[in-house]
Amino acid sequence: ESTDIGRIKLSQEQFSKMPSLLSEPDVIKVLQMQPGVSQGMEGFAGLYVHGGEDDQNLFLFDGLPLYQVSHLGGIFSSFNVAAISGADFFKTSFPSQYGGRISSITEILMRDSNKNKYTGELSLGLICGNAFVSGPLVKDKTGFSLGVRRTWLDAISAPTLAIMNAIDKSKGKKTMAGYAFTDLNVKIDHSFSPSLNASVM
């Protein structure tokens, strides 16, 4: 259906339906399942396309280049699936507007704002929660999209730390640890005219 050789177009629905780690949809893990792509170390966010290195891939988020696309050493990707509309993955024959890498180009597209009414989604998983809300700032003119993702790995590990500290209390030892991450994506769309739109992220 397309004349673009080596282009794979993925929708948010496809990301949500693919197998995921601990029920958390992951953009990078879906790309690792594509033909010609290897994941490298099992369970991590490495992307080796047609034998290239991991740092030879270009990731764009609505046209903005990203240089770090994972959390916790590569176990979780930095993309909140609730906040994106889809992705274009090019593994050969890159279009002329892209450059700077030799293995692949991945352009992640954030969901457009709803300029007419307020909408929202909320999802809770085993390790994190996602929220997305969109609506008008000025009806039919300006709208916003807001996506938030936050893990509760620190809350899950708290009981284990409490038990460890109770055991080691007599030895005068106390273990302090905790890890969590938060992703926040904000986009504002404004229509200057029916044929001219602008976005700020």
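Please refer to the structure higher up on the page.
Reading the values: rules and limits
- Residues numbered from 1 in each chain as written.
- Predicted model: local features only at pLDDT ≥ 70, side-chain atom pairs only at ≥ 80, totals over all residues.
- Heavy atoms only, no water.
- Patch = residues over 30% accessible without salt bridge, like charges linked within 9 Å, V, L, I, M, F, W, Y side chains within 5 Å.
- Areas by Shrake-Rupley, 256 points an atom, 1.4 Å probe, with all protein chains shown as cover.
- Salt bridge = Lys/Arg side-chain N within 4 Å of Asp/Glu carboxyl O.
- Helix = DSSP H or I, 4+ residues; strand = E, 2+ residues; numbered from the N terminus.
- Pairing = 2+ DSSP bridges.
- Axes fitted to C-alpha atoms, helices over the stretch in contact; angles between N-to-C directions.
- Buried < 20%, exposed > 50% of the residue type's maximum accessible area, 1.4 Å probe, protein only.
- Polar contact = N/O pair within 3.5 Å; in protein donor to acceptor, adjacent residues only side chain to side chain.
- Expected span 1.5 Å × (residues − 1).
- Bend = angle between axes of the 7 residues up to and from the residue.

**Student:** Go over a nonpolar patch on the surface, please, and point to the residues and values.
**Tutor:** A surface patch of nonpolar side chains, about 530 Å² in accessible area, is lined by Leu 137, Val 138, Leu 184, Val 186, Ile 188 and Val 200. Every element with two or more residues in the nonpolar patch is listed here: strand 11 (128-138) and strand 13 (182-193). The element that contributes the greatest number of residues to the nonpolar patch is strand 13, accounting for 3 residues. In this fold, Val 138 is placed in strand 11.

**Student:** Talk me through the sheet that holds strand 8 (residues 84-90); I want residue IDs and the actual numbers.
**Tutor:** The strands making up a sheet associate through backbone hydrogen bonding, with each pair oriented either parallel or antiparallel. What the 5 strands build is an open sheet, ordered 1-8-9-4-5; its pairing is mixed. The sheet is open, and its two edges are formed by strand 1 (7-11) and strand 5 (64-66), each paired on a single side. Pairs of neighbouring strands in the sheet enclose a mean axial angle of 20°, with direction left out of account. Where strand 4 (residues 57-61) lies against strand 5, 3 bridges are found, and the strand directions are antiparallel. The residue of strand 5 that forms the bridge with Leu 60 is Pro 65.

**Student:** Describe the environment of Arg 7, naming the residues involved and giving the relevant values.
**Tutor:** Here Arg 7 is to be found in strand 1. Since its relative accessible area comes to 29%, Arg 7 is described here as partly exposed. Arg 7 sits 97 residues away from Ser 104 along the chain, and the two C-alpha atoms are 9.9 Å apart. A polar contact is formed between the side chain of Arg 7 and the side chain of Asp 88, at a distance of 3.2 Å.

**Student:** Break down the pattern of salt bridges for me, citing the residues and quoting the values.
**Tutor:** Considering all chains together, one arrives at 8 salt bridges under this definition. Residue Lys 9 is joined to Asp 88 by a salt bridge in which the shortest nitrogen-to-oxygen separation is 3.2 Å. One end of the pair, Lys 9, is in strand 1; the other, Asp 88, is in strand 8, and 79 residues separate them in sequence. By relative accessible area, Asp 88 is classed as buried at 8%. Between Lys 187 and Asp 62 there is a salt bridge; the shortest N-O distance is 3.2 Å. Taken together, the positions of Lys 187 in strand 13 and Asp 62 in the loop between strand 4 and strand 5 put the pair 125 residues apart, joining distant regions of the chain. By relative accessible area, Lys 187 is classed as buried at 4%. Using a relative accessible area of 24% as the deciding quantity, one classes Asp 62 as partly exposed. Sharing partners across several salt bridges, the network here consists of Arg 7, Lys 9 and Asp 88.

**Student:** I'd love a proper account of the sheet that holds strand 14 (residues 196-200), names of residues and values included.
**Tutor:** One open sheet accounts for 5 strands, arranged 10-11-12-13-14; its pairing is antiparallel. Strands with a single pairing partner mark the edges of an open sheet, and in this sheet they are strand 10 (119-124) and strand 14. Across the sheet, the mean angle from the axis of one strand to that of its neighbour is 10°, orientation sign disregarded. Alignment of strand 10 against strand 11, held across 6 bridges, turns out to be antiparallel. Within the sheet, the bridge partner assigned to Leu 124 lies in strand 11 and is Gly 129.

**Student:** Account for helix 3 (residues 153-168), with residues named and values stated.
**Tutor:** Relative to the 22 Å expected for 16 residues at 1.5 Å per residue, helix 3 spans 22 Å between its end C-alpha atoms, a close match to the ideal helical length. Maximal helix bending in helix 3 amounts to about 30°, located at Pro 159. What helix 3 keeps buried is the set Leu 161, Asn 165 and Asp 168.

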